[in-house]
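Fold and geometry: a report
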Amino acid sequence: CPFHNERTPSFTVSPAKSIYKCFGCGKSGNAVGFIMEHENLSYVEALRYLAKKYHIEIEEKAPDPEQLIQQNKREALQVLTNYAGDWFKEQLHKTDEGKAIGLSYFRERGFTDAIIERFQLGYSPANRSAFSQAAIKKGYKSEVIIDSGLAVERNGTLYDRFADRVMFPIHSITGQIIGFGGRTMQKESNIAKYLNSPETALYLKSKVLYGIFQARK
């Protein structure tokens, strides 16, 4: 059973009835319910997930204003975190600072190129506003950058949360980047050695296990 630890098999699937049932923990339902539970998705997100997987076109009604606000906020955060993941990777592999500090650190710790690529590791420069400035130049709004936890605002200026750190993207079970962990490259004892994204509309810490996407199969 994928929902609880057990020593004997108790999970049953009936393709004919399109249902599943675990006689150990009691979980049961249909295909959509399974995806909701297993992938930690809402009902609508589960339908979209299945439709995309099996190339089914779905027609959607226009959401009401409140739903639209929440949907747009979540989608804006997702687009930004995806951009951030690509940006941190680029800093690691294509800048002198990233290669000299971040890439050399990973190499010293025994990280192979395959692991670095598989986990989409990156680097955030020492410049405290480098990412924020790049994101704003790219068209991302300041409030979305702040809401994502990638920056904090002080006296009207955005400062990157993860400056001078090697970056570990945190993925959802479906492979989307939803947050980050950063390991400082500085030696000062008053600086947090490890730092994670705060909780956001995308990143709920109690529902996420680092590396689950890479390990799930």
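These numbers come from a predicted model, not from an experiment. (Residues numbered from 1 in each chain as written. Predicted model: local features only at pLDDT ≥ 70, side-chain atom pairs only at ≥ 80, totals over all residues. Heavy atoms only, no water.)

1. Some details on the pairing of strand E1 (residues 11-14)
Note the threshold: Any two strands with at least two DSSP-identified bridges between them are counted as paired. Counting from the N terminus, the helices are the DSSP runs of H or I reaching at least four residues and the strands are the DSSP runs of E reaching at least two.
Bridge analysis of E1 against strand E2 (residues 19-22) gives four bridges, and the strand direction is antiparallel. Of the residues in E2, the one forming a bridge with Phe 11 is Cys 22. Here E1 hands over to E2 after four residues, with Ser 18 in that stretch at a positive phi of 60°.

2. Details of the nonpolar core
Filter applied, for reference: We define a nonpolar core as any set of buried Ala, Val, Leu, Ile, Met, Phe, Trp, Tyr and Cys residues linked to one another through side-chain atoms lying within 4.5 Å. Three labels apply to residues, based on accessible area from a 1.4 Å probe with only protein chains included: buried if under 20% of the type maximum, exposed if over 50%, partly exposed otherwise in between. Should any heavy atoms of two residues lie within 4.5 Å, those residues are considered in contact.
Counting residues in each nonpolar core, the largest one holds 23 residues, and the members touching the most others are Leu 80, Phe 88, Phe 131, Ile 145, Leu 150 and Phe 180. Those elements that provide at least two residues to this core are helix H3 (65-94), helix H6 (130-137), helix H7 (142-147), strand E7 (165-171) and strand E8 (177-184). Excluding residues within four positions of it along the chain, Ile 145 makes contact with Leu 80, Phe 131, Ser 132, Ala 135, Ile 136, Tyr 140, Leu 150, Ala 151 and Leu 158.

3. Considerations on the sheet that holds E1
What counts, and what does not: Note on geometry: axes are lines fitted to C-alpha atoms, helical ones only across the stretch in contact, with angles between N-to-C directions running from 0 to 180 degrees.
With antiparallel pairing, three strands are arranged side by side in an open sheet as E1-E2-E3. Each having just a single partner strand, E1 and strand E3 (28-30) make up the two edges of the open sheet. The average undirected angle you get between the axes of adjacent strands in this sheet is 15°. Against the sheet, helix H1 (residues 31-39) contacts E1, E2 and E3, and its axis sits at roughly 120° relative to E3.

4. Notes on the packing of H1 against helix H2 (residues 43-53)
Our working definition: Relative orientations are named as follows: roughly parallel for angles under 35 degrees, roughly antiparallel for angles over 145 degrees, roughly perpendicular for angles from 65 to 115 degrees, and oblique for any other angle. Three classes are used: nonpolar for Ala, Val, Leu, Ile, Met, Phe, Trp, Tyr, Cys and Pro, charged for Asp, Glu, Lys and Arg, and polar for all others, with Gly counted as polar.
One can describe the packing of H1 onto H2 by two numbers: an axis separation of 9 Å at closest approach and a directional angle of 105°. With respect to their mutual orientation, H1 and H2 come out roughly perpendicular. Residues Val 32, Ile 35, Met 36 and Glu 39 of H1 pack against Tyr 43, Ala 46, Leu 47, Tyr 49 and Leu 50 of H2. Residue classes in the contact of H1 with H2 are distributed as eight nonpolar, no polar and one charged.

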